[in-house]
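# Examination of the molecular architecture
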Amino acid sequence: AAPLYRCCARLRCLTLSVPAARYHARPRVWGLGGVYRPDPNDPDTKQWHKGAKYEAKLYGRHGDLSGVKPEGLWPSPEKLREIEEEEREWCPSLRDMLDNVEAKEREIERKKQEKERLIAANLAKMPKMVADWRREKREAKQKQRDEKARKERLMAIARDKFGLNVDSRSPKFQEMVKELEKEEKKKQKAMKRRLKEEALAAAPTAAVAPGSPTAGNP
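Keep in mind that this is a model prediction, so the values were computed, not measured. (Residues numbered from 1 in each chain as written. Predicted model: local features only at pLDDT ≥ 70, side-chain atom pairs only at ≥ 80, totals over all residues. Heavy atoms only, no water.)

With that out of the way, let us pick up the overall build of the chain. A count of helices and strands for the chain gives five helices and zero strands. The helix and strand sequence of the chain, counted from the amino end, reads α-α-α-α-α. Sorting the 218 residues of the chain into buried and exposed places 7% on the buried side. By sequence separation, contacts in the chain at least 24 residues apart represent 19% of the contacts at least 6 residues apart. Carbon together with sulfur atoms contributes 58% to the accessible area of the chain, which is approximately 19900 Å² in total. (Helix = DSSP H or I, 4+ residues; strand = E, 2+ residues; numbered from the N terminus. Buried < 20%, exposed > 50% of the residue type's maximum accessible area, 1.4 Å probe, protein only. Contact = heavy atoms within 4.5 Å. Areas by Shrake-Rupley, 256 points an atom, 1.4 Å probe, with all protein chains shown as cover.)

Grouped together as the largest cluster of nonpolar side chains are seven residues: L154, M155, A158, F173, M176, V177 and L180. Top element by residues in this core is helix α5 (residues 171-207). It accounts for four residues. Each residue touching L180, except ones within four places of it in the same chain, is listed here: L154 and I157. (Core = buried A, V, L, I, M, F, W, Y, C linked by side-chain atoms within 4.5 Å.)

The next thing to look at is a positive patch on the surface. Positive charge collects at one region of the surface, where K185, K189, K192 and R193 lie side by side. Here K192 is to be found in helix α5. The exposure class of K192 is exposed, given its relative accessible area of 61%. (Patch = residues over 30% accessible without salt bridge, like charges linked within 9 Å, V, L, I, M, F, W, Y side chains within 5 Å. Salt bridge = Lys/Arg side-chain N within 4 Å of Asp/Glu carboxyl O. Lys, Arg positive; Asp, Glu negative; His and termini not counted. Charge placed at Lys NZ, Arg CZ, Asp CG, Glu CD.)

On to the environment of G60, then. Checked against the element boundaries, G60 lands in helix α2 (residues 52-62). Since its relative accessible area comes to 65%, G60 is described here as exposed.

Taken together, the side chains of E82, E84, E85, E86, E87 and E89 make up a negatively charged region of the molecular surface. Checked against the element boundaries, E85 lands in helix α3 (residues 77-90).

Another aspect to go through is the pattern of salt bridges. If the charged atoms of two oppositely charged side chains come close together, the side chains can form a pair. On inspection of all chains with the given rule, the structure shows nine salt bridges. Taking the shortest distance from any N to any O, the salt bridge between E114 and R110 comes out at 2.6 Å. Highlighted residues: E114 and R110, both in helix α4 (residues 94-162), separated by four residues, approximately one helical turn. A residue is classified by how much of its surface remains accessible, and R110, at 37% relative accessible area, is partly exposed.

Here the focus is the side chain of T45. Along the chain, T45 falls in the loop between α1 (2-17) and α2. Excluding residues within four positions of it along the chain, T45 makes contact with P38, D39 and K50.

Quick look at a nonpolar patch on the surface now. A surface patch of nonpolar side chains, amounting to about 380 Å² of accessible area, comprises I119, L123, M126 and M129. Along the chain, M129 falls in helix α4.

Within the secondary structure, D42 is located in the loop between α1 and α2. A distance of 3.1 Å separates a polar atom in the side chain of D42 from the backbone nitrogen of D44. (Polar contact = N/O pair within 3.5 Å; in protein donor to acceptor, adjacent residues only side chain to side chain.)

The next point concerns the confidence of the model for the chain. Chain-level statistics for the chain give a pLDDT mean of 79 and a share of 75% at 70 or above. Here α1 stands out as the least confident element of the chain, with mean pLDDT 62; α4 is the most confident, with 89. (pLDDT = per-residue confidence, 0-100.)

Right, dumping it as C-alpha coordinates:
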(Lines give C-alpha, C1' and ligand atoms only; values in the text may rest on other atoms or scores of the structure.)
Protein backbone atom coordinates (compact mmCIF):
# COMPACT_ATOMS: atom_id res chain seq x y z
CA ALA A 1 0.00 0.00 0.00
CA ALA A 2 2.91 2.39 0.65
CA PRO A 3 4.16 2.41 -2.99
CA LEU A 4 0.62 3.03 -4.26
CA TYR A 5 0.18 5.90 -1.82
CA ARG A 6 3.46 7.49 -2.91
CA CYS A 7 2.44 7.21 -6.59
CA CYS A 8 -0.92 8.88 -5.97
CA ALA A 9 0.77 11.67 -4.01
CA ARG A 10 3.17 12.37 -6.88
CA LEU A 11 0.32 12.46 -9.45
CA ARG A 12 -1.57 14.89 -7.18
CA CYS A 13 1.42 17.18 -7.05
CA LEU A 14 1.83 17.15 -10.82
CA THR A 15 -1.84 17.89 -11.39
CA LEU A 16 -1.96 20.80 -8.96
CA SER A 17 1.19 22.36 -10.38
CA VAL A 18 -0.41 22.75 -13.93
CA PRO A 19 -2.63 25.89 -14.21
CA ALA A 20 -6.28 25.27 -15.07
CA ALA A 21 -7.62 26.24 -18.53
CA ARG A 22 -9.41 29.57 -18.78
CA TYR A 23 -11.68 28.43 -21.73
CA HIS A 24 -15.37 28.09 -20.96
CA ALA A 25 -17.64 26.64 -23.64
CA ARG A 26 -20.67 28.64 -24.65
CA PRO A 27 -23.83 27.28 -23.04
CA ARG A 28 -26.11 25.41 -25.40
CA VAL A 29 -29.44 26.96 -26.27
CA TRP A 30 -32.19 24.66 -25.22
CA GLY A 31 -35.77 24.94 -26.40
CA LEU A 32 -38.82 23.37 -24.95
CA GLY A 33 -38.23 20.10 -23.19
CA GLY A 34 -34.45 20.35 -23.37
CA VAL A 35 -34.15 20.31 -27.21
CA TYR A 36 -31.05 22.00 -28.56
CA ARG A 37 -31.81 24.74 -31.11
CA PRO A 38 -28.98 26.86 -32.50
CA ASP A 39 -29.58 30.57 -32.79
CA PRO A 40 -30.13 31.38 -36.52
CA ASN A 41 -29.14 35.01 -35.94
CA ASP A 42 -25.76 34.04 -34.55
CA PRO A 43 -23.04 34.47 -37.24
CA ASP A 44 -21.21 31.44 -35.84
CA THR A 45 -24.19 29.16 -36.49
CA LYS A 46 -23.52 26.74 -39.31
CA GLN A 47 -25.47 27.08 -42.51
CA TRP A 48 -26.97 23.58 -42.24
CA HIS A 49 -28.44 24.56 -38.84
CA LYS A 50 -30.59 27.21 -40.51
CA GLY A 51 -33.62 27.18 -42.75
CA ALA A 52 -36.84 25.24 -43.07
CA LYS A 53 -35.06 21.97 -43.81
CA TYR A 54 -33.37 21.89 -40.41
CA GLU A 55 -36.59 23.02 -38.73
CA ALA A 56 -38.41 20.13 -40.37
CA LYS A 57 -35.69 17.78 -39.18
CA LEU A 58 -36.08 18.99 -35.62
CA TYR A 59 -39.85 18.66 -35.77
CA GLY A 60 -39.57 15.17 -37.23
CA ARG A 61 -37.19 14.12 -34.46
CA HIS A 62 -38.75 15.80 -31.41
CA GLY A 63 -42.29 16.70 -32.47
CA ASP A 64 -43.96 19.48 -30.52
CA LEU A 65 -41.07 19.48 -28.02
CA SER A 66 -38.87 21.10 -30.67
CA GLY A 67 -40.86 24.31 -30.50
CA VAL A 68 -41.21 24.38 -34.31
CA LYS A 69 -44.58 25.45 -35.69
CA PRO A 70 -45.68 22.75 -38.15
CA GLU A 71 -47.77 25.17 -40.23
CA GLY A 72 -44.59 27.01 -41.12
CA LEU A 73 -43.08 23.87 -42.61
CA TRP A 74 -45.78 23.51 -45.27
CA PRO A 75 -44.51 24.59 -48.73
CA SER A 76 -45.81 27.75 -50.34
CA PRO A 77 -48.26 27.50 -53.28
CA GLU A 78 -45.45 28.22 -55.75
CA LYS A 79 -43.19 25.59 -54.20
CA LEU A 80 -46.08 23.12 -54.09
CA ARG A 81 -46.72 23.62 -57.81
CA GLU A 82 -43.02 23.02 -58.53
CA ILE A 83 -43.13 19.80 -56.49
CA GLU A 84 -46.25 18.60 -58.32
CA GLU A 85 -44.69 19.34 -61.73
CA GLU A 86 -41.54 17.49 -60.75
CA GLU A 87 -43.59 14.51 -59.57
CA ARG A 88 -45.54 14.45 -62.85
CA GLU A 89 -42.28 14.54 -64.81
CA TRP A 90 -40.28 11.97 -62.84
CA CYS A 91 -43.09 9.91 -61.31
CA PRO A 92 -45.84 9.54 -63.95
CA SER A 93 -49.07 7.78 -63.17
CA LEU A 94 -49.71 4.14 -63.99
CA ARG A 95 -52.06 5.11 -66.83
CA ASP A 96 -49.40 7.34 -68.38
CA MET A 97 -46.76 4.61 -68.11
CA LEU A 98 -49.11 2.08 -69.74
CA ASP A 99 -49.89 4.54 -72.54
CA ASN A 100 -46.17 5.11 -73.12
CA VAL A 101 -45.53 1.36 -73.25
CA GLU A 102 -48.38 0.85 -75.72
CA ALA A 103 -47.14 3.73 -77.90
CA LYS A 104 -43.61 2.27 -77.96
CA GLU A 105 -44.98 -1.17 -78.86
CA ARG A 106 -47.05 0.32 -81.70
CA GLU A 107 -43.99 2.20 -82.99
CA ILE A 108 -41.89 -0.98 -82.89
CA GLU A 109 -44.60 -2.91 -84.73
CA ARG A 110 -44.90 -0.15 -87.36
CA LYS A 111 -41.14 -0.13 -87.99
CA LYS A 112 -41.17 -3.93 -88.20
CA GLN A 113 -43.95 -3.91 -90.81
CA GLU A 114 -42.18 -1.20 -92.83
CA LYS A 115 -38.99 -3.26 -92.80
CA GLU A 116 -40.86 -6.38 -93.89
CA ARG A 117 -42.54 -4.46 -96.75
CA LEU A 118 -39.18 -3.06 -97.85
CA ILE A 119 -37.62 -6.53 -97.81
CA ALA A 120 -40.54 -7.97 -99.81
CA ALA A 121 -40.30 -5.15 -102.38
CA ASN A 122 -36.55 -5.62 -102.73
CA LEU A 123 -36.97 -9.39 -103.13
CA ALA A 124 -39.56 -8.77 -105.85
CA LYS A 125 -37.13 -6.47 -107.67
CA MET A 126 -34.18 -8.79 -107.15
CA PRO A 127 -34.45 -10.73 -110.47
CA LYS A 128 -34.59 -7.50 -112.49
CA MET A 129 -31.71 -5.99 -110.50
CA VAL A 130 -29.59 -9.11 -111.08
CA ALA A 131 -30.42 -9.09 -114.79
CA ASP A 132 -29.55 -5.39 -115.07
CA TRP A 133 -26.28 -5.95 -113.22
CA ARG A 134 -25.34 -8.83 -115.53
CA ARG A 135 -26.28 -6.78 -118.60
CA GLU A 136 -24.20 -3.81 -117.41
CA LYS A 137 -21.31 -6.16 -116.72
CA ARG A 138 -21.55 -7.64 -120.22
CA GLU A 139 -21.76 -4.18 -121.76
CA ALA A 140 -18.71 -3.03 -119.78
CA LYS A 141 -16.71 -6.07 -120.92
CA GLN A 142 -17.83 -5.55 -124.51
CA LYS A 143 -16.85 -1.90 -124.30
CA GLN A 144 -13.42 -2.88 -123.01
CA ARG A 145 -13.00 -5.35 -125.85
CA ASP A 146 -14.11 -2.77 -128.40
CA GLU A 147 -11.72 -0.20 -126.99
CA LYS A 148 -8.89 -2.69 -127.01
CA ALA A 149 -9.65 -3.67 -130.63
CA ARG A 150 -9.82 -0.01 -131.62
CA LYS A 151 -6.42 0.71 -130.08
CA GLU A 152 -4.91 -2.32 -131.76
CA ARG A 153 -6.36 -1.24 -135.10
CA LEU A 154 -5.02 2.29 -134.63
CA MET A 155 -1.63 0.93 -133.70
CA ALA A 156 -1.61 -1.22 -136.81
CA ILE A 157 -2.51 1.76 -138.99
CA ALA A 158 0.17 3.86 -137.26
CA ARG A 159 2.81 1.18 -137.85
CA ASP A 160 1.92 1.03 -141.51
CA LYS A 161 2.19 4.81 -141.71
CA PHE A 162 5.06 5.68 -139.34
CA GLY A 163 6.93 2.40 -139.00
CA LEU A 164 7.28 -0.15 -136.22
CA ASN A 165 8.70 2.17 -133.56
CA VAL A 166 5.64 4.32 -132.86
CA ASP A 167 4.77 5.92 -129.53
CA SER A 168 1.06 6.23 -128.71
CA ARG A 169 1.84 9.44 -126.76
CA SER A 170 3.48 11.22 -129.70
CA PRO A 171 1.68 14.27 -131.18
CA LYS A 172 1.59 12.67 -134.66
CA PHE A 173 -0.13 9.57 -133.28
CA GLN A 174 -2.65 11.63 -131.32
CA GLU A 175 -3.42 13.73 -134.41
CA MET A 176 -3.90 10.62 -136.48
CA VAL A 177 -6.26 9.19 -133.85
CA LYS A 178 -8.39 12.34 -134.00
CA GLU A 179 -8.59 12.18 -137.76
CA LEU A 180 -9.59 8.50 -137.70
CA GLU A 181 -12.25 9.17 -135.07
CA LYS A 182 -13.70 11.94 -137.22
CA GLU A 183 -13.81 9.60 -140.21
CA GLU A 184 -15.51 6.88 -138.14
CA LYS A 185 -18.14 9.32 -136.93
CA LYS A 186 -18.82 10.44 -140.49
CA LYS A 187 -19.16 6.83 -141.60
CA GLN A 188 -21.55 6.03 -138.72
CA LYS A 189 -23.70 9.07 -139.53
CA ALA A 190 -23.79 8.14 -143.22
CA MET A 191 -24.75 4.56 -142.36
CA LYS A 192 -27.55 5.73 -140.06
CA ARG A 193 -28.83 8.11 -142.72
CA ARG A 194 -28.77 5.37 -145.38
CA LEU A 195 -30.61 2.90 -143.11
CA LYS A 196 -33.24 5.53 -142.33
CA GLU A 197 -33.76 6.29 -146.02
CA GLU A 198 -34.08 2.59 -146.82
CA ALA A 199 -36.63 2.16 -144.03
CA LEU A 200 -38.70 5.11 -145.33
CA ALA A 201 -38.52 3.79 -148.87
CA ALA A 202 -39.63 0.32 -147.82
CA ALA A 203 -42.58 1.59 -145.74
CA PRO A 204 -44.96 2.50 -148.64
CA THR A 205 -44.15 -0.77 -150.42
CA ALA A 206 -45.09 -2.76 -147.32
CA ALA A 207 -48.29 -0.75 -146.95
CA VAL A 208 -49.57 -1.61 -150.51
CA ALA A 209 -48.17 -5.13 -150.73
CA PRO A 210 -50.20 -7.63 -152.81
CA GLY A 211 -52.96 -9.33 -150.90
CA SER A 212 -53.46 -6.42 -148.51
CA PRO A 213 -57.00 -4.95 -148.15
CA THR A 214 -55.90 -1.56 -149.49
CA ALA A 215 -54.02 -2.86 -152.51
CA GLY A 216 -56.88 -2.14 -154.97
CA ASN A 217 -57.75 1.29 -153.62
CA PRO A 218 -56.50 4.35 -155.60
